[in-house]
Protein chains: 2
Amino acid sequence: MNKVSSPLAVSLSARPLHAKDALVIARVCSALSDPVRLRLFDLVRRAGAAGVCSCDLTEPLDRSQPTISHHLKVLREAGLVESRRDGTWIWYSATPKVFAVVTNYLSSVS
Amino acid sequence: MNKVSSPLAVSLSARPLHAKDALVIARVCSALSDPVRLRLFDLVRRAGAAGVCSCDLTEPLDRSQPTISHHLKVLREAGLVESRRDGTWIWYSATPKVFAVVTNYLSSVS
DNA sequence: TAGATATATTGACAGATGTCTATATATCTG
DNA sequence: CAGATATATAGACATCTGTCAATATATCTA
């Protein structure tokens, strides 16, 4: 149980958390450290593989369009969501792979 | 799978993440959003129930004593660690309960 | 009580962050 | 091409954050 079993696993191992691994996890946690961004991510992930149009994300979060755009960029750069253009608008969907790092680490606590 | 199964669960339910729940999760994520603080928390949790003396946390993280003290305060206020005094020094230990909220939410992604 | 040690607080400062308005860019449609 | 719509970028600003040196507080011991 205290054994690293996959390349992505940063769970509770024998050695303390390396500075390098800490950066990866902190990066994801940082992306989720803002309430608005967290709810934004929540809206994206519930949309599943199909994704959600960016135009449907501004109004429910009560923030300006540039602010939402900014938050989406942060989520994208953290590897939590990805986007694809479809004509005039852009669809965002969650990319849960990055979560493996964080959940592997966090879940080993409880 | 999209079902809330426990009182603490803020997992992927029928409704979007409330602003209130988002605050709770964001608060924890925020506490873990700094690499130094993340490694600090890691050192505390590996100490188990016995905890670790604050005096042993400054050197391995290469930060000044006030800085470590500050980070420990942030972790404490986020509910991630608790402290008890034993004479001149203070022992910190992890309080994994708060994690339930975050891990329940995050783990429902992958 | 006085000195030593451990931890917390204060105050400062540079850099990051969330937000907005204004503007730019990209794409579609007529 | 011209107008409309969707998204991104730039710039500004107030607030927050990580860090340190200096200092205060708490506790032990002689």
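In the block above lies the structure referred to throughout.
About the cut-offs
- Residues numbered from 1 in each chain as written.
- Chains lettered and ligands numbered in written order.
- Predicted model: local features only at pLDDT ≥ 70, side-chain atom pairs only at ≥ 80, totals over all residues.
- Heavy atoms only, no water.
- Near = heavy atom within 4 Å.
- Polar contact = N/O pair within 3.5 Å; in protein donor to acceptor, adjacent residues only side chain to side chain.
- Helix = DSSP H or I, 4+ residues; strand = E, 2+ residues; numbered from the N terminus.
- Nonpolar A, V, L, I, M, F, W, Y, C, P; charged D, E, K, R; others polar.
- Pairing = 2+ DSSP bridges.
- Contact = heavy atoms within 4.5 Å.
- Axes fitted to C-alpha atoms, helices over the stretch in contact; angles between N-to-C directions.

With that out of the way, let us pick up the protein's contact with DNA strand D. The immediate surroundings of DNA strand D are formed by 24 residues, with Gln65 and Tyr92 of chain A together with Arg63, Thr67 and His71 of chain B found nearest. Gln65 of chain A places a side-chain nitrogen or oxygen 2.8 Å from a base nitrogen of DNA strand D. Contacts to DNA strand D include Ser69 of chain A, whose side-chain N or O atom sits 2.9 Å from a phosphate oxygen. If you list the elements that add at least two residues to the surface near DNA strand D, you get helix H4 (65-77) and strand E3 (89-94) of chain A together with helix H2 (35-46) and helix H4 (65-77) of chain B. Examining the composition of the surface near DNA strand D, we find that 5 residues originate from one element, H4 of chain A, more than from any other. Split by residue class, the surface near DNA strand D holds 8 nonpolar, 10 polar and 6 charged.

Time to look at the protein's contact with DNA strand C. In the vicinity of DNA strand C lie 24 residues, with Arg63, Thr67 and His71 of chain A together with Gln65 and Tyr92 of chain B positioned nearest. When the atoms of DNA strand C within 4 Å of the protein are sorted by group, sugar and phosphate make up 69%. Side-chain polar atom of Arg37 of chain A to a phosphate oxygen of DNA strand C: 3.1 Å apart, as the coordinates give it. Within the side chain of His71 of chain A, a nitrogen or oxygen atom sits 2.5 Å from a phosphate oxygen of DNA strand C. Taken together, the elements giving at least two residues each to the surface near DNA strand C come down to helix H2 (35-46) and H4 of chain A together with H4 and strand E3 (89-94) of chain B. The greatest single-element share of the surface near DNA strand C, amounting to 5 residues, is contributed by H4 of chain B.

Right, let's talk about the sheet that holds E3 of chain B for a bit. Residue and element names in this part refer to chain B. Strand order in this open sheet of 3 strands is E1-E3-E2, and the pairing throughout is antiparallel. Either end of the sheet is taken by a strand with one partner, and the two such strands are strand E1 (52-53) and strand E2 (81-86). Examined bridge by bridge, E1 and E3 share 2 bridges and lie antiparallel to one another. The residue of E3 that forms the bridge with Val52 is Tyr92. Lying over the sheet, H2 contacts E1, E2 and E3, oriented at roughly 90° with respect to E3.

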